[in-house]
Each structure stands twice: as C-alpha cells, then as structure tokens.
Amino acid sequence: MGGLTKQYVLTRFFMFVLTIWIGATAVFLIPRLAPGDPVTSMVMRMTEREGRVENAQELIAAWKERFGLNDPLYIQYFRYLGNLVRFDFGYSLANFPTTAWEMVRPALPWSVRLLAVALIFSFAIGNTVGALMGWRKTPSWLQNILPLSLTFTSIPYFMFGILLLYFIAFQLHLLPASGGYSRDVTPGWNLPYIRSVITYSILPLVSIVLTSMGGWALGMRGLMVGVNNEDYFLLAQAKGLSPARVFFRYGVRNAILPSLTALALGMGGLISGSMLVEYIFAYPGTGYTLYRAIITQDYTVMQTICNLMILITATSVFLLDLLYPLIDPRITFRRSQM
Amino acid sequence: MIHRINETPKILEVKDLSVHYFTSRGAVIAANSVNFYLRQGEIMGLVGESGCGKTTVAMAILQMVQSPGKITHGEIWVDGEELNSLSERELRQLRWRKLALVPQGAMNSLNPVLKIKEQMGDAILAHERQLGRATLKQRILQLLDDVGLPARVYEMFPHELSGGMKQRVCIAMAIALNPPVIIADEPTSALDVVVQRVVAQTLLDVKKRLGVSMLMIGHDMGLQAQMVDRVAVMYAGNLVEVGPVEAIFEEPLHPYTQLLIESIPSIDERKPLKVTEGLTHDLRNPPPGCIFQFRCPYVTDECRAGRPPLEEIAPDHFVACFKVKSARLA
C-alpha cells in the first residue's frame, strides 16, 4: 500500500486528457456563441480605418472560405482539434500573415520567467511567514513583526505597481520604468543583457510578490494553527525533538499539503501573464500580448493563450497528482477504497 | 486491609502545583496547589470529570501547558530533577528519556505523513544520536514485538493501522528509551471495549516487565479499578482524595468520591446518576471554603468558611474534608 499504483496513474492521466479536451472545446465554442464573426468585424475595422474597402462582401466571403468558416460546425471542430494536436493555432486575425503561435511565442519566456520567479518567491516567503505566524513557539517579537509584511496584500497589485513606478523609477531613478531590457544591450547569452533583463524585471517582480504572498501566508497560518493542536504535534514535543524538527517534520510537512494544490493551479497563470502588471511596466510578456489581442479582437491569439493556459494547468495538476501520494501517503489509499 | 509498605522511593513528586489559564475575563484556576507523588513501579490513577484539570496536571508535569496557560506555582520532581527550573534545552534532553507520554487513544496521535519507523526513530535518535542504522531498526522491531505488533508495522503509515494498533505503537514508542515514568492520558478512550482491554493489558505487561511507574489519567472508573494501585480524585482543580485503590472503591471518604463511585453503572440495578454535570462553580472565582460546597450533601458552615487541607487520614490515604476529619477524630 502507499505509493503509486498503475490504476491511480491511469486514472489521473485520463483526467488530464479529459481536462484539456473540455477546456479546448470551451475555447472553441465560446467565440462562436458570440454574435458576429471575426472576419466581418476585421473587414469592418479595415473599412473604418481606410474609409472604404473595395469588394468588402467578396473579401468577407473569400476569407470565410479561406478560414473554413463556411463548413458545418462539427467539421470546424474536428479540424480545430486536429490542428491543436499539431500545435497549429492558425493565423493571427489582426496581423494576418503572422500565425497566432508566432505572436505568442516570443512573449512566453518573458512571462514564464517573470511569473515563475514571482510564484516561487511569493510561495516560499508567504508560506514561511504564515508557518511562523501560526507556530506557538515563534518568538513573540517575530510574531509581532510578521503581520506587517502582509499590509501590502490589501493593496491591489496594479496600484502597488504604479506606486513603485512613481517612487522608485521616476522619483529616485533607482530602477528602469518600462520594457523588458535596456536598448543599448544586444539580446543573447551575454552578461550585460542578462543583467539588464534582471534589472528590468525587479519592479514587476516586487509588485507581484509583495501583493500575492499574503494569500499564501494567511492560508498557511490557518493550517499551521490547526496542526499546532494536533495530538501528534504535541507528542513530537513531548518526545524531546528539537524545535526545528518539530516545526518542519511534524508542522510544515502536514500544513503545506493544501498549499501545494493551490501552487499547481497557480501554474496556469504563468502563461496568461499578469496582464495589468505587464501593461503598467510595458513588459513584453503574454499578459501584454493578451491585452493587445483583446483590444484588436484577435480571437486566434486569445484562443492560443487560453489553450496554453489549460495545457500548463492540466500538466502541473497531473504532475502534482503523481507527486501527491509520495507527499501524502493517504491519497492512493483513499482512492483505492472507493 | 494490609497496606503496602511505603519504603519504595518516590519517582515523581508534584508539590503545590498551580496552573492558571489567563483569559481576558480573569484567570481560570485549572489546578490549585496539587500535591501527590508516584512511587517507583506503581500505577496511579488520576480521575475526575471532564474539565476538572486532570489533563492540565499531566501537561504541567510534561512542561507542555499551552498558552494562555501557565504554571504559576509549585515544583515537579522527576527522578531527582526539578522540572520547572530547567532550561528549554535541559528539558528537551530530559523529555522521553525520563518522562514519556502515551497520548489519548484518539486517531491523531501519530503524524499521518511519516512511517511508523520514522516516528519511533525520531524519538530514539533525538536522545541517542550516534545510534547506527541497523541497531536502530533492531531496536524498533524489538519494541514492536514487545507490545505484540507484527514486524510489518515498521514500514507502515498510521492510516494503515487500526485504533488499537496505533495505540500500541504509542506504547512501544513510550518505552523506547526505558523511562522511569510514563504519563498515560486517557490511553483507552475512543477505543472499543475489546481493544480497550488489549491496550490496558499491553500497558500492564510493559509495566510489569520494565518496572516503570505510570500516572494514568482517565474517567473510566471500571478500568481504573482493575489497573491502578492508587487513585487520586480531582475536582475543580483540586485533589480531594488520594488513596489505595481498594480503599477508594470500597470505602470512599470524600463526598465527591462517594458520588463518583456510586455513579459507576452496573447491570444489577439501574441507578440515577449521582454526579450531575454543569454544577461546578466558575473556575475563575472559586468560593472561599471547600471547593465542593455547592454540590456536597453534608455541607456545613465550617465548609463555607475555610478550605479543608488534604490530610493523611490513614497510611497513604489523603482526604480534604472537614467532616471526614472530625469523624475520624471522634
């Protein structure tokens, strides 16, 4: 008993595929439920821009044919699924010859890098702060200081970003205000570029970490307070174990479990980017791309980002499911009882 | 009745122990000047209704009273060392080596995410750091065998064990360092009757084999009657009677003990519950005089004026009651 069983892995994998399929179907259906169609609205935009477009009706008909929008819905659906499997997301509607994937791909590393680092920092700091706040043996001076670190949580993160921008970038000139890297470095594996990327990411990073760690901390505090009253926690103290061992092996080890689930779910956010923060700092990530796509009604780019989000979330939940029985031995057991 | 000879050394001595819980509406006196001792190799029962302070006394002996509780007064001597004056570090070294705990038989005494071998190993390694791996494994397997558990329990997680098995793991863990004193806090509660017997028997076996002294907290009077050598009866934070088990059950002296004994259910007669719940006074404001005056059928003005001290009426038999004292003197 305990550990991974074949049936457990297969069930989890089935859930993984099912999640992606349902998500992709929703992404396919939702724009088609909305009134109007992207081709007409694009041609109308062109008409607005240029005053008049020759043969607008023929243009719409030709493009509908080109994008296969005249086929029955189920044909479109199967073609969509087939393309998805080959990672073909179609052309960007707003920037025609460019594909949606080409629009999203350059932004991906920026967002994933920024948000993965932010997620790691806020998870680690938040949970540490929370665990210490919830532990009875934490020295009282620390107990009094720690809640102060959570004051930023009540500020919306984009507001906090604007404050940082104003004071640190414009008033004190300590850090750059916008962009992904300095204009006078050449992108590539060279030190000035890497240093520039790091410098430019500090402000967005700080505004995300400081405003999001409170959530982790409060959750962890509650769980830790619960663990404090568990019989096994008291018994661990009675055994004469060192406080650190009691704290980690009997306290945090148990209290962290629900946070890990939340962490896996938070992974999906890596792709969607942190739209407002990226917008404020003009950071070249997917959040900014998504923002551009929304204002230009670029459905295919939006769909691409949504599908990637679903894929990443489902993957991280699947991986967590595989790890969970190793972290919490009760999981597989419960499943097999059903 | 022949009383045991009292030459056996005292292994645990609680002197004048007071524990208060500090709340915003005043201090709750959970234990008030508690005095008792435990002789080497004996089992002493600490009984009383819920909320009377039994567990508080146990936690105080272990130096694990949780905030907002505090030991406000008293001394606790275990095997020649006074615990209240020890530093956190000295205390940690003494714990489990001199003083082990068998927790309540509830489901939560073992860490759900660690294997039995890790939890037992933790306790042993915390005090014997240089122990080799093979020796440690041998030790744990021997301990499991001592309490009648199969060797496969070694690799198991708590959720794979039944309630009785978990409790026997806890007993095995408690005897791991061969401590002179074990505190068992309602070791058989939350277990069914058959399993209760098995666990109780395991405790008795262990006691017989190792000569360990035990303080057994509980409210199951029937079980106490069969297991312990002496009984201490607690009411509202005060000890009201301490005496040999036969004396307590056959001839209880304190009115509260009498009510308690009379309330033990039996199959022969359906009797009304003599001890009624919820009549205890506010523990923040104990009345002047006897602690039991509001529920005592024999209360007099003397009881309302002054508090009777716990006095030795017969060898090894202590009672805190004016009526009993005057009856004896008369």
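Residues numbered from 1 in each chain as written. Chains lettered and ligands numbered in written order. Predicted model: local features only at pLDDT ≥ 70, side-chain atom pairs only at ≥ 80, totals over all residues.

## As for the overall build of chain B
Part 1 of the reasoning: Counting its regular elements, chain B contains 11 helices and 12 strands.
Part 2 of the reasoning: Its C-alpha radius of gyration of 21 Å places chain B within 12% of the 20 Å reference for a compact globule of 330 residues.
Part 3 of the reasoning: C-alpha extents for chain B along the principal axes are approximately 70 × 50 × 45 Å.
Part 4 of the reasoning: The 330 residues of chain B split such that 44% are buried.
Part 5 of the reasoning: Partitioning the intrachain contacts of chain B with sequence separation of at least 6 by distance along the chain shows that 65% fall at a separation of at least 24. (Helix = DSSP H or I, 4+ residues; strand = E, 2+ residues; numbered from the N terminus. Rg over C-alpha atoms; globule rule 2.2 N^0.38 Å. Buried ≥ 20, exposed ≤ 12 C-beta atoms within 10 Å, placed from the backbone. Contact = placed C-beta atoms within 7 Å.)

## What about the overall build of chain A?
Part 1 of the reasoning: For chain A, the helix and strand inventory stands at 17 helices and zero strands.
Part 2 of the reasoning: When the backbone C-alpha atoms are referred to their principal axes, chain A occupies close to 85 × 60 × 40 Å.
Part 3 of the reasoning: Scored against the burial criterion, the 338 residues of chain A give a buried share of 33%.
Part 4 of the reasoning: A separation of at least 24 residues holds for 71% of the contacts in chain A among residues at least 6 apart in sequence.

## Some words on the sheet that holds strand 4 (residues 69–78) of chain B
Residues and elements named next belong to chain B.
Part 1 of the reasoning: Strand order in this open sheet of four strands is 2-1-4-5, and the pairing throughout is antiparallel. At either margin of the open sheet sits one strand with a lone partner, and together these are strand 2 (26–39) and strand 5 (81–82).
Part 2 of the reasoning: As defined by bridge partners, strand 4 adjoins strand 5 across two bridges and the pair is classed as antiparallel. Within the sheet, the bridge partner assigned to valine 78 lies in strand 5 and is glutamate 81. (Pairing = 2+ DSSP bridges.)

## Comments concerning the environment of Asp205(B)
Part 1 of the reasoning: Looking at the secondary structure, you find Asp205(B) in helix 6 (residues 193–210).
Part 2 of the reasoning: Through-space distance from the C-alpha of Asp205(B) to that of Ser33(B) is 33 Å; in sequence the pair is 172 residues apart.

## So, the packing of helix 10 (residues 231–238) of chain A against helix 11 (residues 243–255) of chain A
Residue and element names in this part refer to chain A.
Part 1 of the reasoning: With their axes 10 Å apart at the nearest point, helix 10 and helix 11 run at an angle of 160 degrees to one another. Taken as axis vectors, helix 10 and helix 11 run roughly antiparallel relative to one another. As helix 10 packs across helix 11, the resulting crossing turns out to be right-handed. In contact with Tyr232, Phe233, Ala236 and Gln237 of helix 10, helix 11 contributes Val246, Tyr250 and Gly251. (Axes fitted to C-alpha atoms, helices over the stretch in contact; angles between N-to-C directions. Parallel < 35°, antiparallel > 145°, perpendicular 65-115°, else oblique. Left-handed = near helix turned anticlockwise from the far one by under 90°.)

## Re the pairing of strand 10 (residues 238–244) of chain B
Here is the key point about a regular strand: its side chains alternate between the two faces of the sheet.
All names here are of chain B.
Part 1 of the reasoning: For strand 10, the buried fraction is high: seven of the seven residues fall into the buried class.
Part 2 of the reasoning: One ladder, built from six bridges, connects strand 9 (residues 230–235) with strand 10; its direction is antiparallel. Bridged to alanine 232 within strand 10 is valine 242.
Part 3 of the reasoning: Between strand 9 and strand 10, which pair antiparallel and follow one another directly, the connecting turn spans two residues, one of which, alanine 236, has a positive phi of 50 degrees.

## Concerning the nonpolar core
Part 1 of the reasoning: In terms of nonpolar packing, the biggest core is built from 164 residues, with Ala60(B), Ala172(B), Val233(B) and Leu239(B) touching the most fellow members.
Part 2 of the reasoning: By residue number, the principal contributor to this core is helix 9 (residues 191–228) of chain A, which donates 12 residues.
Part 3 of the reasoning: If sequence neighbours within four positions are ignored, Val233(B) has contacts with Val47(B), Gly48(B), Leu239(B), Val240(B), Glu241(B), His254(B), Tyr256(B), Thr257(B) and Leu260(B). (Core = buried A, V, L, I, M, F, W, Y, C linked by C-beta atoms within 7 Å.)

## Topic: the interface of chain A and chain B
Part 1 of the reasoning: Taken together, the contact pairs 21 residues of chain A with 26 residues of chain B.
Part 2 of the reasoning: Breaking the side of chain A that touches chain B down by element, the ones donating at least two residues are helix 10, helix 11 and helix 17 (330–337) of chain A.
Part 3 of the reasoning: The element that contributes the greatest number of residues to the side of chain A that touches chain B is helix 10 of chain A, accounting for six residues.
Part 4 of the reasoning: Taken together, the residues of the side of chain A that touches chain B sort by class into nine nonpolar, four polar and eight charged. (Nonpolar A, V, L, I, M, F, W, Y, C, P; charged D, E, K, R; others polar.)

## Some remarks on the pairing of strand 1 (residues 10–23) of chain B
Residues and elements named next belong to chain B.
Part 1 of the reasoning: Pairing of strand 1 with strand 2, which is carried by 10 bridges, proceeds in the antiparallel orientation. Along strand 2, the bridge assignment pairs leucine 17 with valine 34.
Part 2 of the reasoning: What sits between strand 1 and strand 2 in their antiparallel hairpin is a turn of two residues.
Part 3 of the reasoning: Bridge count for strand 1 against strand 4 is eight bridges, and the pairing is antiparallel. Counterpart to glutamate 13 in the pairing with strand 4 is tryptophan 77.

## Focus on the confidence of the model for chain B
Part 1 of the reasoning: When the pLDDT values of chain B are averaged, the result is 88; 94% of them are 70 or greater.
Part 2 of the reasoning: Among the scores for the predicted complex, ipTM is 0.86 and pTM is 0.80. (pLDDT = per-residue confidence, 0-100.)

## Some remarks on helix 10 of chain A
Part 1 of the reasoning: A large share of helix 10 of chain A lies buried, amounting to six of its eight residues.
Part 2 of the reasoning: Turning to helix 10 of chain A, the residues buried within the fold contact helix 9 and helix 11 of chain A together with strand 6 (99–102) of chain B.
Part 3 of the reasoning: One or two residues past the end of helix 10 of chain A sits Gly240(A), with phi positive at roughly 80 degrees.

## Observations regarding helix 16 (residues 299–327) of chain A
Part 1 of the reasoning: With 29 residues, helix 16 of chain A extends 41 Å between its outermost C-alpha atoms, agreeing within 8% with the 42 Å of an ideal straight helix rising 1.5 Å per residue.
Part 2 of the reasoning: Of all the bends in helix 16 of chain A, the greatest reaches close to 25 degrees and is centred on Asp321(A); the proline Pro325(A) follows between one and four positions later. (Expected span 1.5 Å × (residues − 1). Bend = angle between axes of the 7 residues up to and from the residue.)

## Here we look at the sheet that holds strand 12 (residues 317–319) of chain B
Residues and elements named next belong to chain B.
Part 1 of the reasoning: Strand order across the open sheet formed by eight strands is 6-7-8-3-9-10-12-11, with mixed pairing between neighbours. The strands lining the two open edges of the sheet, one partner per strand, are strand 6 and strand 11 (311–314). The sheet shows a mean angle of 25 degrees between the axes of neighbouring strands, direction not considered.
Part 2 of the reasoning: Bridging between strand 3 (residues 43–47) and strand 8 (residues 213–217) involves four bridges; their strand directions are parallel. If you follow leucine 46 over to strand 8, its bridge partner there is isoleucine 217.
Part 3 of the reasoning: Strands in contact with helix 1 (residues 54–61) are strand 3, strand 7 (181–185), strand 8 and strand 9; relative to strand 7, the strand with the most contacts, it is inclined by about 150 degrees.

## A short note on the packing of helix 15 (residues 286–295) of chain A against helix 16 of chain A
Residues and elements named next belong to chain A.
Part 1 of the reasoning: Where helix 15 meets helix 16, the closest approach of the two axes is 8 Å, and the angle between their N-to-C directions is 145 degrees. Seen along the crossing, helix 15 lies across helix 16 with a hand that is left-handed. Contact with helix 15, carried on its side by Thr286, Thr289, Leu290, Ala293 and Ile294, involves Val301, Met302 and Ile305 of helix 16 and no other residues of that element.
Part 2 of the reasoning: Class assignment of the residues belonging to the contact of helix 15 with helix 16 gives a composition of six nonpolar, two polar and no charged.

## Focus: the confidence of the model for chain A
Part 1 of the reasoning: Per-residue pLDDT for chain A has a mean of 84; in total, 96% of the residues score no lower than 70.
Part 2 of the reasoning: Taken element by element, chain A is modelled with least confidence in helix 17 of chain A, mean pLDDT 57, and with most confidence in helix 11 of chain A, mean pLDDT 92.

## Some points on the environment of Arg245(A)
Residues and elements named next belong to chain A.
Part 1 of the reasoning: Mapped onto the secondary structure, arginine 245 falls in helix 11.
Part 2 of the reasoning: Judged by local crowding, arginine 245 falls into the partly exposed class, with 15 C-beta atoms found within 10 Å.
Part 3 of the reasoning: Along the primary structure arginine 245 and methionine 220 are separated by 25 residues, whereas in three dimensions their C-alpha atoms are 18 Å apart.

## What to know about unusual backbone geometry
Residues and elements named next belong to chain B.
Part 1 of the reasoning: Following serine 67, the chain continues into proline 68 via a peptide bond in cis, with omega recorded as 5 degrees.
Part 2 of the reasoning: Relative to the assigned elements, proline 68 resides in the loop between helix 1 and strand 4.
Part 3 of the reasoning: A positive phi angle, near 50 degrees, is found at aspartate 79, a position not held by glycine.
Part 4 of the reasoning: Mapped onto the elements of the fold, aspartate 79 is located in the loop between strand 4 and strand 5.
Part 5 of the reasoning: Taking the C-beta count within 10 Å as the criterion, aspartate 79 has 18 such neighbours and is therefore assigned partly exposed.

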